[in-house]
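Listed below, chain by chain, are the residues.
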Amino acid sequence: MGWGTRLGLLGGLALWAQRRRAAAAAARDGGDGGERRDLELRLVQVVFRHGARTPLRPLPGAQPQVEWHPTLLDVPARTKFDYVVTDLNGGPRPPSPYEKQYRMTTFKGGAIAGQLTAVGMEQMYALGERLRRSYVEEANFLSPTFKPAEVFIRSTNIFRNLESTRCLLAGLYQQQKEGAVVIVTDEASSEILYPNYHNCQRLKCLSRHKSKSALQQPGISDDLKTIKEKMGIDGEKPVDFFLLLDNILAEQVHNLPSCPVLKNFQQTVERRSVDLVLSFLEGGSREVLQMSVGLLLHTLQKNITEAVNPSSPAEKARKLILYASHDVTLIPLLLALGTFDHKWPPYAADVTLELYQHQQSKGWFVRVSYHGEEQVVKGCRAALCPLKDFLEVLSQYSVSPEDYNNLCSQTEGKEQTD
């Protein structure tokens, strides 16, 4: 080996060592100080819950009945932003069975169930403004006006989510756009943005079994019985903690008079709602989380991989990916990341994943935040997590479509007796 070769090799080793030290320092420091300045933001993914809405169902027999007037749904002028909705392939928007179901329920006052309200629209506009401050004004990452090449938007095929996305975009881009805003959505039968009980019968059966078992536990069943009795609700009426929580949270955020008894039991209702969800998601096998959000995690992982190694100009140009989802999406997602705080996700809550590349080491890092607060993902030593470690976390629950179908088609008797 000649001296030139040896010097080249030594120089390469020195550069490699320098990059390794820089990457280690960036991970150790959490991206603060000078190291943070060496990080280049490459991709932002936001999974968010819709804004405040009317309840999904009224409480049967509860007195006094809250009045939900259609004026609560009036659109604030600053949240307006034109958009079109297509299926995943650019075709017409699929039919929405949920919207048909909601329109069958009209509340006292005239508003229908499950609709985004003006309060919810303002919440989503505020989320958009927060994203603007972070990624347009401070990071200088996104363009100040909407550009289709930079942004990919997907929503569940439910009107409140589509409208929530509109309001978020209006806040993020201050109603300025260059080109059409397209929101893609999928058939309810193959939706990945919530645990899909329609196309995963195994998940549906497990959920039904676990919920039934949990409700039979003395503490939980006694609490529910007491609340229903004090509210004057017939013991045979189909009322559970989720319906109670849904109504009281919707009433409170709109400053509507809630049933005094229900207000007194609010902490119990929320705690029991969380207990029931956790008994299903944590009390079962790892496969329950895989069937609940495995396809979504697989998609988030795929987006990161494409940003690291783009195979097309479209992948290279993309900077922001938005997913309009639900509370039942965020809870298992946060559990998979090890960051669930045991509180029900509020309206307009968001889980944001930022992908960075270190300019010296060329290493990749991910930072996760929830509702604007930085999180330390399980398996990561700091908030700024090396990509390899982060993908290792995702791989525990991420599943491909093929694996998902295999999981959902299994019928195992042992899970019915747990």
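Counting from 1, residues in each chain are numbered in the order their sequence is written. Per-residue local features are limited, in this predicted model, to residues with pLDDT of at least 70; the limit for side-chain atom pairs, both in listing and counting, is 80 or more; totals at the level of whole chains, interfaces and linings are taken over all residues. As a rule here, side-chain values cover all heavy atoms of the structure and leave hydrogens and water aside.

**Here's the deal with the packing of aromatic side chains**
Moving on, step 1. The aromatic pairing rule takes the rings of Phe, Tyr and Trp, using the six-membered ring of Trp, and pairs them if the centres are within 6.5 Å, calling planes under 30 degrees apart stacked, those over 60 edge-to-face and the rest tilted. Enumeration over the complete set of coordinates arrives at 4 aromatic pairs.
Moving on, step 2. Considering the side-chain rings of Phe146 and Tyr173, the 5.6 Å spacing of their centres and the 85 degrees angle between planes classify their relative orientation as edge-to-face. Pair noted here: Phe146 is in the loop between helix 4 (118–138) and strand 3 (151–155) and Tyr173 is in helix 5 (residues 159–173), with a separation of 27 residues, a long-range link. Like Phe146, the residue Tyr173 is buried in the burial classification. Helix and strand definitions here come from DSSP, where helices need a minimum of 4 consecutive H or I residues and strands a minimum of 2 consecutive E residues; each element is numbered from the N-terminal end. When a residue's accessible area, from a 1.4 Å probe over protein chains only, is under 20% of the maximum for its type it is buried; when over 50% it is exposed; and in between it is partly exposed.

**Some details on the nonpolar core**
For soluble globular proteins, nonpolar side chains are generally found buried alongside one another.
Moving on, step 1. Throughout, nonpolar core names a set of buried Ala, Val, Leu, Ile, Met, Phe, Trp, Tyr and Cys residues whose side chains join them through atoms within 4.5 Å. With 71 residues, the main nonpolar core has Met231, Leu244, Val351 and Phe390 as its most contacted residues.
Moving on, step 2. Considering each element in turn, this core owes the most residues, 10 residues, to helix 11 (residues 286–308).
Moving on, step 3. Residues contacting Met231, with those up to four places away along its chain left out, are Leu59, Gly61, Ala62, Leu244, Cys259, Val261 and Leu262. Should any heavy atoms of two residues lie within 4.5 Å, those residues are counted as being in contact.

**With respect to helix 8 (residues 241–253)**
Moving on, step 1. To estimate how far a helix should reach, multiply one less than its number of residues by 1.5 Å. Taking 1.5 Å of rise per residue, 13 residues should cover 18 Å, and helix 8 covers 18 Å from first to last C-alpha, within 8% of that figure.
Moving on, step 2. Lining the buried residues of helix 8 we find helix 7 (218–231), helix 9 (260–264) and helix 10 (266–281).
Moving on, step 3. By the criterion applied in these results, polar contacts are pairs of N or O atoms within 3.5 Å in which, for protein atoms, one can donate a hydrogen and the other can accept it, and in which residues neighboring in sequence qualify only through two side-chain atoms. With a side-chain oxygen lying 3.1 Å from the backbone nitrogen of Phe242, the N-terminal cap of helix 8 falls on Asp240.
Moving on, step 4. Asn255 sits one or two residues past helix 8 and shows a positive phi near 55 degrees.

**Focus on the pattern of salt bridges**
Side chains that differ in sign of charge can pair as their charged atoms come close.
Moving on, step 1. Salt bridge, as applied in this entry: a Lys or Arg side-chain nitrogen positioned within 4 Å of an Asp or Glu carboxyl oxygen. Under the definition given, this model contains 16 salt bridges.
Moving on, step 2. Note that Arg367 is salt-bridged to Glu374, the shortest N-O span being 2.7 Å.
Moving on, step 3. For Glu374, a relative accessible area of 42% translates into the label partly exposed.
Moving on, step 4. Among the charged side chains, a salt-bridge network with shared partners connects Arg154, Asp186 and Glu191.

**Comments concerning the side chain of Asp327**
Moving on, step 1. Position of Asp327 relative to the elements: it lies in helix 13 (residues 327–337).
Moving on, step 2. Side chain to side chain, Asp327 and Arg49 meet in a polar contact 3.3 Å long.
Moving on, step 3. Once residues within four sequence positions are removed from consideration, Asp327 is found in contact with Arg49, Trp344 and Pro345.

**Looking at the state of the cysteines**
Moving on, step 1. The disulfide criterion used throughout: a pair of cysteine sulfur atoms within 2.5 Å. Per the counting criterion, the structure on display carries 2 disulfides.
Moving on, step 2. Here Cys200 engages in a disulfide with Cys408; their sulfurs sit 2.1 Å apart. Between Cys200 and Cys408, the disulfide has an S-S torsion of -95 degrees and is therefore left-handed. You can see Cys200 sitting in the loop between strand 4 (182–184) and helix 6 (201–215) and its partner Cys408 sitting in helix 15 (residues 401–409), a full 208 residues away along the chain.
Moving on, step 3. Residue class for Cys200 comes out buried when judged on its relative accessible area of 0%.
Moving on, step 4. The cystine pairing of the protein chain, numbering bonded cysteines in sequence order, is 1-4, 2-3.

**Quick word on the packing of helix 7 against helix 10**
Two packed helices can be described by the angle between their axes and the distance between those axes.
Moving on, step 1. Structural elements are reduced to axes, namely lines fitted to C-alpha atoms, with helices fitted over the stretch in contact, and the angle between N-to-C directions of any two is expressed from 0 to 180 degrees. Where helix 7 contacts helix 10, the two axes come as close as 11 Å, and the packing angle between them is 140 degrees. Classified by the interaxial angle, the pair formed by helix 7 and helix 10 is oblique. By crossing handedness, the relation of helix 7 to helix 10 is classed as left-handed. In this structure, helix 7 uses Gly219, Ile220, Asp223 and Ile227 to contact helix 10, whose residues at the interface are Thr268, Val269, Arg271, Arg272 and Leu276. For classification purposes, an angle smaller than 35 degrees is called roughly parallel, one larger than 145 roughly antiparallel, one from 65 to 115 roughly perpendicular, and anything else oblique. The handedness criterion is simple: a crossing whose near helix is rotated anticlockwise from the far helix by less than a right angle is left-handed, and one whose near helix is rotated clockwise is right-handed.

**Notes on the environment of Ser164**
Moving on, step 1. Among the secondary structure elements, Ser164 is positioned in helix 5.
Moving on, step 2. In the structure, Ser164 is positioned 116 residues away from Phe48 in sequence and 9.5 Å away in space, judged by C-alpha atoms.
Moving on, step 3. With residues near it in sequence (within four places) discarded, Ser164 still touches His50, Gly51, Leu116 and Met124.

**A few points about unusual backbone geometry**
Moving on, step 1. If you check the backbone angles, Asn255 has positive phi at about 55 degrees while not being a glycine.
Moving on, step 2. With respect to the secondary-structure elements, Asn255 resides in the loop between helix 8 and helix 9.

**Focus on the environment of Glu178**
Moving on, step 1. With respect to the element layout, Glu178 can be found in the loop between helix 5 and strand 4.
Moving on, step 2. For Glu178, a relative accessible area of 46% corresponds to the partly exposed category.
Moving on, step 3. Residue contacts for Glu178: discarding those within four places in its chain leaves Thr145, Phe146, Lys147 and Pro148.
Moving on, step 4. Within the structure, Glu178 has its side chain in polar contact with the side chain of Thr145 (distance 3.0 Å).

**Some details on the packing of helix 6 against helix 11**
Moving on, step 1. Two numbers describe how helix 6 lies on helix 11: the axes approach to 10 Å, and their chain directions differ by 125 degrees. If you check the angle between helix 6 and helix 11, you find them oblique. Of the two possible hands of crossing, helix 6 and helix 11 adopt the one that is left-handed. Residue-level inspection shows Arg202, Leu203 and Leu206 of helix 6 in contact with helix 11, the latter providing Glu287, Val288, Met291 and Ser292.
Moving on, step 2. Under the scheme applied, nonpolar residues are Ala, Val, Leu, Ile, Met, Phe, Trp, Tyr, Cys and Pro; charged residues are Asp, Glu, Lys and Arg; polar residues are all the others, including Gly. Residues that form the contact of helix 6 with helix 11 fall into these classes: 4 nonpolar, 1 polar and 2 charged.

**As for helix 4**
Moving on, step 1. Helix length check: helix 4, at 21 residues, gives a terminal C-alpha distance of 28 Å against a target of 30 Å (1.5 Å per residue), a fit within 8%.
Moving on, step 2. Two axes define the bend at a residue: one fitted to the seven residues ending there, one fitted to the seven starting there, and the bend is the angle between them. The sharpest bend along helix 4 reaches about 35 degrees and sits at Arg132.
Moving on, step 3. For helix 4, the secondary structure elements touched by its buried residues are strand 1 (39–49), helix 5 and strand 6 (350–358).
Moving on, step 4. Following helix 4 by one or two positions, Asn140 adopts a phi angle in the positive range, close to 50 degrees.

**Some details on the confidence of the model for the protein chain**
Moving on, step 1. When the pLDDT values of the protein chain are averaged, the result is 89; 89% of them are 70 or greater.
Moving on, step 2. Low confidence marks residues 1–34, where pLDDT is under 50. Its contacts with residues over four positions away, or in another chain, come to 28 contacts.
Moving on, step 3. Considering only residues more than four positions removed or in separate chains, one finds that residues 413–418, a stretch of pLDDT under 50, has 11 contacts. Every residue is assigned a pLDDT by the predictor, reflecting its confidence on a scale from 0 to 100.

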